[in-house]
Amino acid sequence: MTAGLAPANAQSPVFSESGAISSTTGHAVLSWQAEEPVVLSIAHEPDLSDARPLYRGDERSYFLSGLADGDYYLRLENESGEASAPLRLSVTHQSLAQALWLTAIGLVITLAVVATILRGARDD
Amino acid sequence: MTEDKVLLEPTIGWILLALFSALWIGLGIYWGKRNRNFEDHALAGRNVGLALASATAAATWITSNTTMLAPQFALQLGVWGMLAYSMAAFGLILFAPLAGRIRQLMPHGYTSGDFFRLRYGRTAWGIFLVFTLFYSLTWLVSMAMAGGILLEALAGIDYVWGMTVILAVCVIYTMRGGLAAVIGTDFIQSLIILIGIVVVGFAVLRNVSVEQIHADLAANKPALIDVLFPAALMAIFNNLLFGLGEVFHNNVWWSRAFAFREGVGTKAFLIGGLVWLPIPVAAGFIALASGVLGVGVPSPDMVGPLVIANVLGDLGAIAIFIVVFCSLASSIDSLLAATSDLITEDVYRRLIQPAATPERLKSMAQWITLALGLGTWAVCVPRIGTLASVLFFAGPLVGSMIWPIVTGLYWRRASSTGAVGGMLLGAGAGLIAYFQIGWFVASTIGTAVSMAWVLGAASLSKERFDWNRLKEA
């Protein structure tokens, strides 16, 4: 799946995703190839100056969730200090107006079902 | 890579699997001795009491999805996601009054197919059969596949062996014991599941406080506690309506409405729903604690077992293995029984052999259970991952049946035109929404379109249905 994405240094960890990724729900599964345990970090700044660690260990994937709207930058670093190229993740949540409309429609349908059942067979 | 890391030694996994398999099969054979004809086999003699009835309602609704997907929902969609999953309880709670009405209108009924055939005629009945068999068979396949995958992930048991054992055990005791065995084992399974969830919930709370979890979410996963999280908001009523459609139409629940002693159904489904309601919240809460506990989650569907194993160690791994096995068995057995009864009654008896004796029907139901098991096994062996996700297509199909059922049970003016159009238009619109917007709106839109058509047709209808026609089933 990631053939052709091998880094210049074969020891460096590398994300499986090619190029930037996006999400409309604030979550994403990140996967990577690495020969050593890694530290996965996340940052708001493209130069990762405000990076904070998300995960440390020898798994090869991580489920990230709960992100607000915005751009995020992710990086992998192994125990030898070699780092991957940053991966950009853009989060743009779905339209709130659409969500509220559909929630209102769902509420109306549910109340109508409840009312029909509670009213029962009065036209018997 | 992650598949290699299991929570439990395979030997312990096999021992647990063998012990519980022997228990379920032994009980199935014992309870099956009382069955003499199709009514005993399919409907447990129509004499199930309140305790067993409430337990089977709750246990059947606790699938491996409840224990595995509810934490995933919480991790993906936050607090709203957790509550959205628990909304499926309203399927059982709102079916409570319907169960009483069904028992009253159809004292001799066997299946939900009987209702569609007698109430709306053969066209609606045919559409119903296609929709319900699609839903039931994909649910059965997804459960069996989930069983194999989970046993492999939890204890390193080979996928094909784990899936085969779970399926074979459920087929054997359902064939031998019928609905009585399904309901009896459900009672024990529901107790085990409830105790397991309560123990795990308290164990997590002993390790972290609610304040710590909130602080972690606010700092690192703010959308999970955002009141206006769009996808989560849309999921609330979508999940509620999916659950309503699943319960209202499926023979798993109608067969129980027919099997419960008179006056028991309404109370049993109400109690079952109320017992079920907090379970996804407890299971989801476990997932929200993963950040504070420092549990890295490689795949969202494994968050529940990973957190439990982190908190409880080997004991937790054993507990989650048993809970998962019980959750799978309590759903697979119910689906096997209800689907084989549906095919026996609606296809074999109504279309092929109307003069079949009750003994012949019982024997046919047993062979159909075996055939369903073998067919499911054959589909599951290649482990095609996308098959399990096909179940989500069923959301609009089941949602489109809510209004034809509710109005058909209460309104004499509900018409065949309304039912047929409601099911076809609702399912079509819901499937378009599924692909254009996402799974979290498909049931809502499918149900809304079906409702508009059914209500419109009823308001124009001159038909006044004679309720006595339902008594002939």
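Within each chain, residue numbers correspond to sequence positions counted from 1 in written order. For this description, chains carry letters from A and ligands carry numbers from 1, given in the order in which they are written. Restriction of local features to residues with pLDDT of at least 70 applies here, the model being predicted, together with a cutoff of 80 or more for giving and counting side-chain atom pairs; totals for whole chains, interfaces and linings are based on all residues. For side-chain calculations, the full set of non-hydrogen atoms in the structure is used, while hydrogens and water are omitted.

Chain B appears in an unreviewed UniProt entry as Urea transporter from Novosphingobium endophyticum. Per its UniProt entry, chain B bears the Subcellular location (unreviewed entry) comment "Membrane". According to the UniProt record, the Sequence similarities (unreviewed entry) comment for chain B reads "Belongs to the sodium:solute symporter (SSF) (TC 2.A.21) family." UniProt positions are given in the numbering used here, feature names are shortened, and annotations may be inferred rather than shown by experiment.

A. Representation of the domain arrangement of chain A within the structure. Boundary definitions for the domains trace back to an automatic or database domain assignment. The assigned domain composition of chain A is domain 1 (1-93) and domain 2 (94-124). Each of domain 1 of chain A and domain 2 of chain A has a C-alpha centre, and these two points are 42 Å apart.

B. Spotlight on the nonpolar core. The biggest cluster of nonpolar side chains holds 186 residues, and the ones touching the most others in it are Phe95 and Phe248 of chain B. Between two residues, a contact is recorded if the distance between any of their heavy atoms is within 4.5 Å. Leaving out residues up to four positions away in the same chain, Phe248 of chain B has contacts with Val113 and Ile117 of chain A together with Gly91, Leu94, Phe95, Leu98, Trp254, Ile402, Ile405 and Val406 of chain B. If you look at the next biggest cluster of nonpolar residues, it comprises 19 residues, including Phe15, Ala34, Leu89 and Val91 of chain A. What is meant by a nonpolar core is a set of buried Ala, Val, Leu, Ile, Met, Phe, Trp, Tyr and Cys residues, joined one to another through side-chain atoms within 4.5 Å. Residue burial is assigned from relative accessible area. The probe radius is 1.4 Å, only protein chains are included, and a residue is buried under 20% of its type maximum, exposed over 50%, and partly exposed in between.

C. Seen up close, the confidence of the model for chain B. When the pLDDT values of chain B are averaged, the result is 89; 97% of them are 70 or greater. Values of pLDDT, the confidence the predictor places in each residue, fall between 0 and 100. To qualify as a helix, a DSSP run of H or I must reach at least 4 residues; to qualify as a strand, a run of E must reach at least 2; elements of each kind are numbered from the N terminus. When mean pLDDT is compared element by element in chain B, helix H18 (residues 402-410) of chain B scores highest at 97, while helix H16 (residues 386-389) of chain B scores lowest at 60.

D. How the structure looks around the interface of chain A and chain B. Contacts between chain A and chain B engage 38 residues on the former and 45 residues on the latter. For any pair of parts, buried area is found by adding up, for both, the accessible area (1.4 Å probe) each one loses once the two are put together. For the pair chain A and chain B, the summed buried area comes to about 3,700 Å², and 69% of that belongs to carbon and sulfur atoms. We define a salt bridge as a contact between a side-chain nitrogen of Lys or Arg and a carboxyl oxygen of Asp or Glu at a distance within 4 Å. There are zero salt bridges connecting chain A and chain B. For this analysis, a polar contact is any N or O atom pair within 3.5 Å, provided that within protein one partner can donate a hydrogen and the other can accept it, and provided that sequence-adjacent residues contribute only side-chain to side-chain pairs. On inspection of chain A and its partner chain B, the count reaches six residue pairs in polar contact (both at pLDDT 80 or more). Counting residues per element, the ones that place at least two in the side of chain A that touches chain B are strand E5 (52-57), strand E6 (61-64) and helix H1 (96-119) of chain A. The dominant element in the side of chain A that touches chain B, judged by the number of residues it contributes, is H1 of chain A, at 16 residues. In this count, Pro and Cys sit with the nonpolar residues alongside Ala, Val, Leu, Ile, Met, Phe, Trp and Tyr, while Asp, Glu, Lys and Arg are called charged and the others, Gly among them, polar. Classifying every residue of the side of chain A that touches chain B gives 18 nonpolar, 14 polar and six charged.

E. Highlighting the sheet that holds strand E8 (residues 87-91) of chain A. Residues and elements named next belong to chain A. Two strands form a pair only when DSSP identifies at least two bridges running between them. Strand order in the open sheet made by the five strands is E2-E8-E7-E4-E5, with mixed pairing throughout. With one partner strand each, in any of the chains shown, strand E2 (21-23) and E5 form the two edges of the open sheet. Looking at each pair of strands side by side, their axes are set apart by 25° on average, direction ignored. One ladder, built from five bridges, connects strand E4 (residues 38-43) with E5; its direction is antiparallel. Within E5, the position partnered with Val38 by the bridge is Gly57. Comment: axis = line fitted to C-alpha atoms, over the contacting stretch for helices; angle = value between 0 and 180 degrees taken between N-to-C directions.

F. Main features of the packing of aromatic side chains. All names here are of chain B. Working definition: a ring pair exists when centres of Phe, Tyr or Trp rings (six-membered ring for Trp) sit within 6.5 Å. Plane angles under 30 degrees give stacked, over 60 give edge-to-face, the rest tilted. Under the criterion given, the structure shown has 24 aromatic pairs over all chains. Relative to Phe325, the ring of Phe20 has its centre 6.4 Å away and its plane inclined at 85°; by these criteria the two rings are edge-to-face. Here Phe20, found in helix H1 (residues 10-32), pairs with Phe325, found in helix H14 (residues 303-352); they are 305 residues apart in sequence, far enough to count as distant. The exposure class of Phe20 is buried, given its relative accessible area of 14%. Here Phe115 and Tyr120 contribute two aromatic rings whose centre-to-centre distance is 6.2 Å and whose plane-to-plane angle is 80°, an arrangement assigned as edge-to-face. A residue is classified by how much of its surface remains accessible, and Phe115, at 0% relative accessible area, is buried.

G. Local environment of unusual backbone geometry. Backbone geometry at Leu48 of chain A places phi at a positive 55°, although glycine is not the residue there. Looking at the element boundaries, Leu48 of chain A is found in the loop between E4 and E5. Judged by its relative accessible area of 8%, Leu48 of chain A is buried. We note that Ala44 of chain B has phi near 50°; this positive angle belongs to a residue other than glycine.

H. Representation of the pattern of salt bridges within the structure. Residues and elements named next belong to chain B. Going through the model one piece at a time under the given rule, you end up with eight salt bridges over all chains. One salt bridge connects Glu345 with Arg350, and the closest N-O pair in it is separated by 3.1 Å. Judged by its relative accessible area of 24%, Arg350 falls in the partly exposed class. Here the residues in one salt-bridge network are Glu345, Arg349 and Arg350, joined through shared partners.

I. Seen up close, the side chain of Asp114 of chain B. Structurally, the position occupied by Asp114 of chain B is in helix H6 (residues 112-120). Within polar-contact distance, the side chain of Asp114 of chain B engages the backbone nitrogen of Tyr110 of chain B at 3.0 Å.

J. A look at H6 of chain B. All names here are of chain B. In terms of burial, H6 is a largely internal element, nine of the nine residues being buried. Where H6 is concerned, the buried positions are Ser112, Gly113, Asp114, Phe115, Phe116, Arg117, Leu118, Arg119 and Tyr120. At its buried positions, H6 is contacted by helix H7 (122-155), helix H10 (230-249), helix H11 (251-259), H14, H18 and helix H19 (416-436). Where H6 begins, one side-chain oxygen reaches toward the backbone nitrogen of Gly113, 3.2 Å away; that side chain belongs to Thr111. A positive backbone phi angle near 90° is found at Gly121, which sits one or two residues after H6.

K. Representation of the sheet that holds strand E3 (residues 28-33) of chain A within the structure. Residues and elements named next belong to chain A. The antiparallel open sheet is built from three strands, whose spatial order is E1-E3-E6. Each end of this open sheet is capped by a strand with a single partner; those strands are strand E1 (14-15) and E6. Across two bridges, the pairing between E1 and E3 is antiparallel. Paired with Val14 across the two strands is Gln33, which belongs to E3.

L. Broad picture of the side chain of Thr132 of chain B. Residue and element names in this part refer to chain B. Topologically, Thr132 is positioned in helix H7. Owing to a relative accessible area of 1%, Thr132 belongs among the buried residues under this scheme. Among the polar contacts listed, one links the side chain of Thr132 to the side chain of Asn250, at a separation of 3.4 Å. Sequence-distant contacts of Thr132, defined by excluding residues within four places in its chain, comprise His249, Asn250 and Leu342.

M. Broad picture of the confidence of the model for chain A. All names here are of chain A. The share of residues in chain A with pLDDT of 70 or more is 90%, and the mean pLDDT across the chain is 88. Per-element mean pLDDT across chain A ranges from 91 in E5 up to 96 in E8. Below a pLDDT of 50 lies the segment residues 1-9, which in the model reaches nine contacts outside its immediate sequence neighbourhood of four places, other chains included.

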